[in-house]
Structure formats: structure tokens, C-alpha cells
Amino acid sequence: MSTLEIKDLHVSVATEDGPKEILKGVDLTVASGQTHAIMGPNGSGKSTLAYAIAGHPKYEVTSGSITLDGEDVLAMSVDERARAGLFLAMQYPVEVPGVSMANFLRSAATAVRGEAPKLRTWVKEVKTAMADLGIDPSFADRSVNEGFSGGEKKRHEVLQLALLKPKIAVLDETDSGLDVDALRVVSEGVNRYRESGDAGVLLITHYTRILNHIRPDVVHVFAGGRVVESGGPELAEELEKHGYVRFTQAGAPA
Ligand code: ADP
Ligand code: MG
Ligand code: MG
């Protein structure tokens, strides 16, 4: 059982005109076994929240706290966050030319587990996870994210979920750029991870369609750098019908 707790989080990003406050007091608690969806209009700060949780150097936490089971996440290095059980799938995953997926995943597993997985069992583990996700075996030999299609990048993310088994996974726009088939495969991967144990998921998305495949327990509406409303899956249905107008009109929290 794990809990990610975010309290009154304020985050600024460095711009040419100086620091700009993007997150203006985010409160959010995700426990293992739960899936929370964060939905919000473009530019509302969803990715900034993901980057702040991950410890991206460009995003400065000016006040508030992030803890995982009471431990101060903000005091941890990026590696320590991964080792503590946090996983962040980037909206724009980086390419790492010359590093094969197989090696990359083994390094990631080594960082998370604190020791290198035995080569023989590791190869088997990777092959099984890839087969489960319908990933072509040649994928293991390719350079990380280089020339990957949108769907392949997302498959790579859920492959990491299967292998690294984080306590809490933050998935930013996992559905963007996916065709219907890829969306189904990726969603199945996330659902398998959810069912594999006590996993918690923070699913960040602009569109409701992935929520038809991955049913959230809680839906949060994000606008103007904070959570402005929380509810059950029916909140996503309302957004599907009426969009974000109610939350972004003049008078709504900015
Ligand atoms: P979302 O993911 O909800 O679309 P983002 O977190 O990407 O929102 O962006 C929120 C706001 O912060 C936007 O106005 C965006 O332009 C600004 N922002 C985010 N990152 C940076 C950055 N590195 N430099 C300048 N502005 C940024
Ligand atoms: Mg955006
Ligand atoms: Mg974003």
C-alpha cells in the first residue's frame, strides 16, 4: 500500500521574462489500487505537474509538498524517485541513439531494483512482457525511441510499467497520437499493470476517449494550474458532452 500526496503545490518555470508560476496550489492524493484521471484544457499545467513529480530541473517547486508514503519526494534525486517507486511517462519521450531498448530497460530495472537483473532471467522477462503487449521482438534491438511511431513510444511506456512495476505511475497524454488499435493495446497494458498488484495510476489526459478503456476511480478537472473539481467517472462524461467551458469561463478559478 502506497500513497502519493501532493499538498498546495506551487511550481514556476523559468522563461525569458523570468520565472512564471504555472501551478497555483495543487492538492491531490493517489493511493495504490486507485486510478485518478486528471483532465484539463491545453496549457492548464497538467504536464508541469507531471514534470514536477518527476523532478525535472526546469520546474521549480516554490512551495507545497510531494510525499510518497510520508517520504519527501522533493528532496529526492530523479533516480531516487524511480527507486522509491514513482514512474513518469513523458508526453514527449526522449530519443537515445545508440542505446538499445534491451539495454535501456535493463539499466532502468537496475536503477529501480538496486541490482542488475540476471541476464538470463531478464531476457525472458522482457520477451514475455513484449509478447503480452503484442510488441515485435525486433523492438528490443532498436535504439530507444529513435524513429518510433507514436504508438511504439506508448508501447514502450507500458512495457516499462510491466517490467519496472512502479508503485505509482504518472502517465501524461498516454493516448495522444494513438490509433484505435494502439490505444486498445496500450490501455490493456495499463490495465494489466493495474491488476498486477497494488499499483496506483495518475492518468493525465486532454481527451475522454482513453477513459472508455481505462476506467478511473476519481476524475479531477484541472484548470489554471490547480484542481478545480473532483468527482467520479461521471465527471468525465460531463466533460465529453460539454467540454471545459464551465471551468475556463470568466469567473472560474484562474
Ligand atoms: P498542459 O500539459 O496542461 O497542456 P503545460 O504544463 O504543458 O500544460 O503548460 C502550462 C503552461 O505553462 C503553458 O502556458 C505553457 O506555455 C507554460 N510552460 C510550460 N512549460 C514551459 C517552459 N518550459 N517554458 C515556458 N513556458 C512553459
Ligand atoms: Mg500541452
Ligand atoms: Mg501536457
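Parameters and conventions
- Residues numbered from 1 in each chain as written.
- Chains lettered and ligands numbered in written order.
- Predicted model: local features only at pLDDT ≥ 70, side-chain atom pairs only at ≥ 80, totals over all residues.
- Helix = DSSP H or I, 4+ residues; strand = E, 2+ residues; numbered from the N terminus.
- Near = placed C-beta within 6 Å.
- Nonpolar A, V, L, I, M, F, W, Y, C, P; charged D, E, K, R; others polar.
- Pairing = 2+ DSSP bridges.
- Axes fitted to C-alpha atoms, helices over the stretch in contact; angles between N-to-C directions.
- Parallel < 35°, antiparallel > 145°, perpendicular 65-115°, else oblique.
- Left-handed = near helix turned anticlockwise from the far one by under 90°.
- Contact = placed C-beta atoms within 7 Å.
- Buried ≥ 20, exposed ≤ 12 C-beta atoms within 10 Å, placed from the backbone.
- pLDDT = per-residue confidence, 0-100.

## Observations regarding the overall build of the protein chain
1) Next: In terms of helices and strands, the protein chain carries eight helices and twelve strands.
2) Next: The C-alpha extent of the protein chain, read off along each of the three principal axes, is 60 × 40 × 40 Å.

## A closer look at the site of ligand 1
1) Next: Every residue near ligand 1 is listed here: Val13, Thr15, Ile22, Gly40, Asn42, Gly43, Ser44, Gly45, Lys46, Ser47, Thr48 and Lys58.
2) Next: Among the elements of the structure, β1 (3-15) and α1 (46-54) are those that each provide at least two residues to the shell around ligand 1.
3) Next: Partitioning the shell around ligand 1 into residue classes produces two nonpolar, eight polar and two charged.

## Remarks on the sheet that holds β1
1) Next: Overall, antiparallel pairing links the four strands, which are arranged β2-β1-β4-β5 in an open sheet. A strand with exactly one partner marks an edge of an open sheet, and here the two such strands are β2 (18-31) and β5 (71-72).
2) Next: The pairing of β1 with β2 spans eleven bridges and is classified as antiparallel. Looking at β2, one finds that Ser12 is bridged to Glu21.

## Considering the packing of helix α3 (residues 101-113) against helix α5 (residues 150-164)
1) Next: Close contact between α3 and α5 brings their axes to 10 Å; oriented N to C, the two are set at 40 degrees. Classified by the angle their axes make, α3 and α5 are oblique. Judged by the twist between their axes, the crossing of α3 over α5 is right-handed. Contacts from Leu105, Ala108, Ala109 and Val112 of α3 reach α5 at Gln160, Leu163 and Leu164.
2) Next: Across the contact of α3 with α5, the residue classes break down as six nonpolar, one polar and no charged.

## Here we look at the sheet that holds strand β10 (residues 200-205)
1) Next: If you walk across this open sheet you meet the six strands as β6-β9-β10-β3-β11-β12, and the pairing is mixed. If you trace the sheet from one side to the other, it starts and ends with β6 (86-89) and β12 (226-231), each paired once. Between one strand axis and the next, the sheet turns through 20 degrees on average, direction left out of account.
2) Next: Inspection of the sheet shows strand β11 (residues 218-223) paired to β12 by five bridges, in the antiparallel sense.

## Structural notes on unusual backbone geometry
1) Next: Phi angles above zero are rare outside glycine, and Asp8 is one such case at about 45 degrees.
2) Next: Judged by the 13 C-beta atoms lying within 10 Å of it, Asp8 is partly exposed.
3) Next: Even without being glycine, Lys165 reaches a positive phi, approximately 45 degrees.
4) Next: With respect to the helices and strands, Lys165 occurs in the loop between α5 and β9 (168-172).

## What to know about the confidence of the model for the protein chain
1) Next: Averaged over every residue, the pLDDT of the protein chain is 88; residues scoring 70 or more account for 95%.
2) Next: Summarising per-element confidence for the protein chain, the mean pLDDT is lowest in strand β7 (residues 96-100) (80) and highest in β5 (98).
3) Next: Predicted complex metrics record ipTM = 0.94 and pTM = 0.90.

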